[in-house]
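Letter by letter, the chains look like this.
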Amino acid sequence: MLLKKTAVVPFIVLLFFSLIHTSSTAGTRAVAESSGPAQQLTVYIHSLEQDGNQVILTADEINWYEGADADRLFAEREPEAAAELGGAPDGYYIVNDSDTLTGYPLADNVSIKMQIFDHTGNPEDLDIHWNEAVDRDTFLKKFGNADVVDLSQFPYHITVEDGKVTSIVQQYIP
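Residues numbered from 1 in each chain as written. Predicted model: local features only at pLDDT ≥ 70, side-chain atom pairs only at ≥ 80, totals over all residues. Heavy atoms only, no water.

## Some details on helix α4 (residues 136–143)
Along an α-helix, residues three or four apart share an orientation, since each turn contains 3.6 residues. What counts, and what does not: Buried means the residue's accessible area, taken with a 1.4 Å probe over protein chains only, is under 20% of the maximum for its type, while exposed means over 50%, and partly exposed covers the values in between. To qualify as a helix, a DSSP run of H or I must reach at least 4 residues; to qualify as a strand, a run of E must reach at least 2; elements of each kind are numbered from the N terminus. This arc corresponds to the set of directions leading from the helix axis out to the C-beta atoms. By definition, residues are in contact when any of their heavy atoms lie within 4.5 Å. The term polar contact refers here to a pair of N or O atoms within 3.5 Å; inside protein, the definition further demands a hydrogen-donor-capable atom paired with an acceptor-capable atom, and it admits residues adjacent in sequence only when both atoms are side-chain atoms.
Within the span of α4, buried status applies to Arg 136, Phe 139, Lys 142 and Phe 143. Buried residues along α4 cover an arc of 135° about the axis, so they all sit on one side. More than 90 degrees from the buried face of α4, the exposed residues found are Asp 137 and Lys 141. At its buried positions, α4 is contacted by β2 (39–51), β3 (54–66), β5 (101–116), β7 (155–161) and β8 (164–170). Near the N-terminus of α4, the side chain that reaches the backbone nitrogen of Asp 137, with its oxygen 3.2 Å away, is that of Asp 135.

Right under this line is the structure:
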């Protein structure tokens, strides 16, 4: 099958994300321990599950790079694609070298901010709303429903304080 040059970049990006998602669906699991000061992590959320009175967010930690750092790592890890594209596609690069999944309980007052979120169930209504606050119950309901947008395909920046997730911010992907 021959691909037109304009189809190569989206194809590579889709292939890359499918590999990341595939590698994060199996592996070891760990439970987060209370670590004291706030910790900022970038993750793919593997699942959100009710466990008694709390919700457990199971995450696959990743490294998110932008700009020159993304271009440098992309060139190191994928030199042929970097030479063809001239840098990291869309200015970012994700590294996921571990398949360890870690469970974190959500704080009762977790702050959730989304960039793209399905409000109506209609794909035509999807639009970017930067850092839109979404309540926990709505996020949990929409995370499990991939009819319009699959929220598990986005990276998230989470804040963990005293072993609990206190903040979730969806990373926009162009």
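## Some details on the side chain of Thr 159
In this structure, Thr 159 sits in strand β7. Assessed through its relative accessible area of 11%, Thr 159 is described here as buried. If we skip the residues at most four places from it in the chain, Thr 159 touches Ala 38, Gln 39, Gln 40, Lys 164, Val 165, Thr 166 and Ser 167.

## Regarding the nonpolar core
Here is a general trend for soluble globular proteins: nonpolar side chains tend to be buried in one another's company. Condition: For this analysis, a nonpolar core means a set of buried residues of the types Ala, Val, Leu, Ile, Met, Phe, Trp, Tyr and Cys, connected via side-chain atoms within 4.5 Å.
Membership of the largest hydrophobic core comes to 24 residues, with the highest contact counts inside it found for Ile 45, Phe 139, Tyr 156, Ile 158 and Ile 168. If you list the elements that add at least two residues to this core, you get β2, β3, β5, α4, β7 and β8. It is β5 that provides the largest number of residues to this core, a total of five residues. Other than its neighbours up to four places away in sequence, Tyr 156 contacts Leu 41, Thr 42, Val 43, Ile 45, Met 114, Phe 139, Phe 143, Leu 151, Ile 168, Val 169, Gln 170 and Gln 171. In terms of nonpolar packing, the next biggest core, distinct from the first, is built from eight residues, Leu 73, Ala 81, Ala 82 and Val 95 among them.

## Here we look at the pairing of β3
Each regular strand carries side chains that alternate between the two faces of the sheet. Filter applied, for reference: A strand pair is defined by DSSP finding two or more bridges across the two strands.
Where β2 and β3 come together, nine bridges link them in antiparallel fashion. Bridged to Thr 42 within β3 is Ile 62. Counting the residues in the hairpin turn of β2 and β3 gives two residues, including Gly 52, whose phi is positive at 70°. Across four bridges, β3 lies against strand β4 (residues 92–95) in antiparallel orientation. By the bridge assignment, Glu 66 is partnered in β4 with Tyr 92.

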